[in-house]
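The residues making up each chain are set out below.
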Amino acid sequence: MTSIDLNADLGEGFGRWQLTDDERLLSVVTSANVACGFHAGDAATMRRVCEQAAERGVRIGAQVSYRDLAGFGRRAMDVPPAELAAEVAYQIGALEVFARAAGTHVSYVKPHGALYNRVVHDEEQAGAVVDGVLLATRADATLPVLGLPGSRLLELAAKAGLPAVTEAFADRAYTERGTLVPRGQDGAVVTDPEAVVERSVGLARSGVVTSHTGTRVEVRARSLCLHGDTPGAVELARRVRARLEESGVRVEAFV
């Protein structure tokens, strides 16, 4: 049977402000990308999401980012590699404290926003992220890295001995090269719920998605991302999971 992981970006609040409906999304997804304080999130939020994820058996992932709270981690930044590696390790370590307190652990790492897109092509920045993961897990360098198929990040992670896990997006438009259409462009985000559901099934069953120009693009992925900040995110996530299971796709964590 075909299987796929469902992940969502969670813990994307700060103080009294909350962006994502973490508790209800955790009843649907199998992996939680938890903001680690650099683009969103704070200590109390990280602790709460880790406790809720642990209660539901949802895997916890460190969603690492450039240090950019004001821009939600979506602004392009140039960070020296050594500094970026240290900041990636810092974020993983911070989340690991709360994961362990909840009786579990950080199961994988996923970059966020501008960093995610940068490490698709930028070898130096991708290498810094990998170095940060290795720095944070020196005693057990087997922490999976989640990223775009064909990215420099996954290539370098695999060379370093880290499991490289491919990811797809049902609610983001793809270019003909299999990369994501930048958010600043029209149509970058797919807003039609039924289209998102159908794309989810297509990605899971055939590994193919239609690009923004109408061509079919192969996107082989082990995990499917559902954005937690999308309007109606919880109901959409439920519809996606239900349709996947109706289509004979087993929904389970990749790790």
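Heads up: the structure comes first, above all this text.
Not measured: the values here are computed from a predicted model. (Residues numbered from 1 in each chain as written. Predicted model: local features only at pLDDT ≥ 70, side-chain atom pairs only at ≥ 80, totals over all residues. Heavy atoms only, no water.)

Below, the discussion takes up the packing of aromatic side chains. Counted by the stated rule, this structure contains three aromatic pairs. Look at Phe 38 and Tyr 90: their rings are 5.9 Å apart centre to centre, the planes differ by 45°, and that puts the pair in the tilted class. Highlighted residues: Phe 38 in the loop between β2 (31-35) and α2 (43-56) and Tyr 90 in helix α3 (residues 81-101), separated in sequence by 52 residues. (Phe/Tyr/Trp six-rings, centres within 6.5 Å; stacked < 30°, edge-to-face > 60°. Helix = DSSP H or I, 4+ residues; strand = E, 2+ residues; numbered from the N terminus.)

This brings us to helix α6 (residues 152-159). Listed as buried for α6 are Arg 152, Leu 153, Leu 154, Leu 156 and Ala 157. Looking at the buried residues of α6, the elements they touch are β4 (106-111), α4 (113-121), α5 (123-136), β5 (145-147) and β6 (164-169). Where α6 terminates, the next one or two residues include Gly 161, which has phi positive at roughly 90°. (Buried < 20%, exposed > 50% of the residue type's maximum accessible area, 1.4 Å probe, protein only. Contact = heavy atoms within 4.5 Å.)

As a further point, take the pairing of strand β3 (residues 59-64). When you tally the buried positions in β3, you get five out of six residues, the bulk of the element. As paired elements, β2 and β3 share five bridges and run parallel to each other. Its bridge partner lying in β3, Asn 33 is registered against Gly 61. In this fold, β2 hands off to α2, which returns the chain to β3; that crossover is right-handed. As paired strands, β3 and β4 are joined by five bridges and run parallel to one another. Paired with Ile 60 across the two strands is Val 106, which belongs to β4. Traced from β3 through α3 to β4, the parallel crossover comes out right-handed. (Pairing = 2+ DSSP bridges. Right-handed = clockwise from strand over helix to strand, strands pointing away.)

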